[in-house]
Amino acid sequence: MASTSPARTTEFVRTATAVIEVVVEGSGPPVILLPSLGRESYDYDDVAGGLAQHGFRVCRPQPRGIGRSTGPLANITLHDLAADVGAVIEAQDNGPAVVVGHAYGHYVARMLAADRPDLVRGVVVAAAGARNYPAALTELAVKCADSSLPDAERIGYLKTGFFAPGNDPTEWLSGWYPEVSKRQLAAAAATPKDEWWAVAHQPILDLQSALDPFRPRETANELRDRFGELVTVTVVPNASHALMPEAPAQVVRALTDWIRTLDS
């Protein structure tokens, strides 16, 4: 999918405290893709390429501390990370964006939607954990990122928490930034959850993975129960918490179909 996508360029957005590297491709209505905990935006390669082919301008900000993005990571909150993304949307000068947050990225997406509703057309929470899920799953993510552990052991953790049976986890042996993970978790812990979880000004696509341990099936409707018709629930089969490398074509289709409903 990505091999025939529009050419990618790299831009830099500077704020008072940070410099954010942004991978950009395509033209049309803006879509922002935010990666999961301690991971880089390249996880979205196939998804970004597919969306660009479907007529969207796709921007992937690298989080602070990843790639060539810089900025303080100590003593920050989700408000700071959301402000980085808001600056990217403002710099594009292409109107409010659909903001897609994968796993941890959905914290940032929803924080931005709460802080700056003028910049956000809609929010996609992709493979988002339930409002409350076992702390052991976060510990599992830390082990997946630990390159000092044997690859075979880490693959076992990836299969347990991130990849559905039959899906290859080996590409996720790389792309982790453990120090960034710690700082991102601290930023989330420093932000009262109701400042972002309990707020919804815009339509939400709750894009779930059918086999995601972070989102038990009994919690499938928790966002819709909270926000009613603002929320659309779509479930991707044979995918787990990683989702993006597991089912990129299904993700592109779900995102494209939902975004087009925003115009109807």
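Residues numbered from 1 in each chain as written. Predicted model: local features only at pLDDT ≥ 70, side-chain atom pairs only at ≥ 80, totals over all residues. Heavy atoms only, no water.

**Focus: the pattern of salt bridges**
We apply this condition: Each salt bridge in this description consists of a side-chain nitrogen of Lys or Arg and a carboxyl oxygen of Asp or Glu lying within 4 Å of one another. Every helix listed is a DSSP run of H or I at least four residues long, and every strand listed is a run of E at least two residues long, numbered separately from the N terminus. Per-residue accessibility, obtained with a 1.4 Å probe over protein chains only, is compared with the maximum for each type, and a residue is labelled buried under 20%, exposed over 50%, and partly exposed between these values.
Applying the stated criterion across every chain, the model contains 14 salt bridges. Ionic pairing is found between R60 and D45, a salt bridge with its closest N-O pair at 2.8 Å. Of this pair, R60 sits in strand β4 (residues 57–61) while D45 is found in helix α1 (residues 45–53), placing the two residues 15 residues apart along the sequence. When its relative accessible area of 24% is taken as the criterion, D45 is described as partly exposed. D206 serves as the salt-bridge partner of R215, at 2.7 Å between the closest nitrogen and oxygen. In this structure D206 comes out as buried when scored by relative accessible area, which is 0%. One network of salt bridges, in which partners are shared, links R8, E25, D45 and R60.

**Description of the sheet that holds strand β2 (residues 19–25)**
Under the convention used in this document: Pairing between strands requires that DSSP locate at least two bridges from one strand to the other. Each axis is a line fitted through C-alpha atoms, taken for helices only over the stretch in contact, and angles between the N-to-C directions span 0 to 180 degrees.
Ordered by their spatial adjacency, 8 strands build an open sheet running β1-β2-β4-β3-β5-β6-β7-β8, and the pairing between neighbours is mixed. The strands lining the two open edges of the sheet, one partner per strand, are β1 (8–14) and β8 (231–236). Each adjacent strand pair in this sheet contributes to an overall mean axis angle of 20 degrees, direction not counted. As judged from the 4 bridges shared by strand β3 (residues 30–34) and strand β5 (residues 97–102), these two strands associate in the parallel manner. Each bridged residue has a counterpart across the sheet, and for V31 the counterpart in β5 is V98.

**Here we look at the layout of surface pockets**
To locate leftover empty space, one rolls a probe as large as a water molecule over the atoms. The line we're drawing: A cavity here means a set of 1 Å grid points, computed over protein atoms only, where a 1.4 Å probe fits but cannot escape. A pocket is an open set with protein on both sides within 12 Å along at least 5 of 7 lines, and lining residues have an atom within 4 Å of a point. Grid points are joined across faces, edges and corners, and a volume is the space filled by probe spheres set on the points. Here the nonpolar group is Ala, Val, Leu, Ile, Met, Phe, Trp, Tyr, Cys and Pro; Asp, Glu, Lys and Arg are the charged ones; every other residue, Gly included, is treated as polar.
Its boundaries defined by the atoms lining it, the largest pocket holds a volume of some 380 Å³. As for the largest pocket, its lining consists of 24 residues, and the residues nearest its centre are Y104, Y107, Y133, T138 and L185. Mapped by element, the contributors of at least two residues to the lining of the largest pocket are α3 (105–115), α4 (135–145) and α6 (178–189). Residues of the lining of the largest pocket, tallied by class, amount to 14 nonpolar, 7 polar and 3 charged. Top contributing element to the lining of the second largest pocket by residue count: α1, with 3 residues. Partitioned by chemical class, the residues of the lining of the second largest pocket number 7 nonpolar, 2 polar and 6 charged.

**Quick word on empty space enclosed by the protein**
Tallied over the full model, the rule gives 4 cavities of 30 Å³ or more. By volume, the largest cavity is sized at about 160 Å³. Along the wall of the largest cavity there are 14 residues; nearest its centre are L34, P63, L81, V85 and V108. Among the elements of the structure, α2 (78–92) and α3 are those that each provide at least two residues to the lining of the largest cavity. No other element matches the 3 residues that α2 contributes to the lining of the largest cavity. In this structure, the second largest cavity encloses a volume near 40 Å³. What lines the second largest cavity is R110, A113, A114, V123, V199, A200, H201, Q202 and I204. A breakdown of the residues in the lining of the second largest cavity according to their chemical character gives 6 nonpolar, 2 polar and 1 charged.

**Things to note about the packing of α2 against α3**
Stated precisely, the cut-off is as follows: Orientation categories follow fixed angle ranges, with anything under 35 degrees roughly parallel, anything over 145 roughly antiparallel, 65 to 115 roughly perpendicular, and all other angles oblique. Any two residues having at least one pair of non-hydrogen atoms within 4.5 Å are treated as being in contact.
Between α2 and α3, the least distance of the axes is 8 Å, while the angle of their chain directions is 75 degrees. Relative to α3, the element α2 lies roughly perpendicular. Across from L78, H79, L81, A82, V85, G86 and I89 in α2, the residues of α3 making contact are Y107, V108, M111, L112 and D115. Classifying every residue of the contact of α2 with α3 gives 9 nonpolar, 2 polar and 1 charged.

**Comments concerning the UniProt feature "domain: AB hydrolase-1" (unreviewed entry) in the protein chain**
This is how the line gets drawn: UniProt positions are given in the numbering used here, feature names are shortened, and annotations may be inferred rather than shown by experiment.
Cross-referencing UniProt, the feature "domain: AB hydrolase-1" (unreviewed entry) maps to residues 29–140 in the present numbering. A helix fraction of 37% and a strand fraction of 21% characterise residues 29–140, whose end C-alpha atoms lie 37 Å from each other.

**A word on the pairing of β3**
The condition is simple: A crossover gets the label right-handed when its path from the first strand over the helix to the second runs clockwise, viewed with the strands pointing away from the viewer.
In terms of burial, β3 is a largely internal element, 5 of the 5 residues being buried. Neither face of β3 is open: one carries P30, I32 and L34, the other V31 and L33, and all of them are buried. The pairing of β3 with β4 spans 3 bridges and is parallel. Looking at β4, one finds that I32 is bridged to C59. Viewed along the sheet, the connection from β3 through α1 into β4 turns out right-handed.

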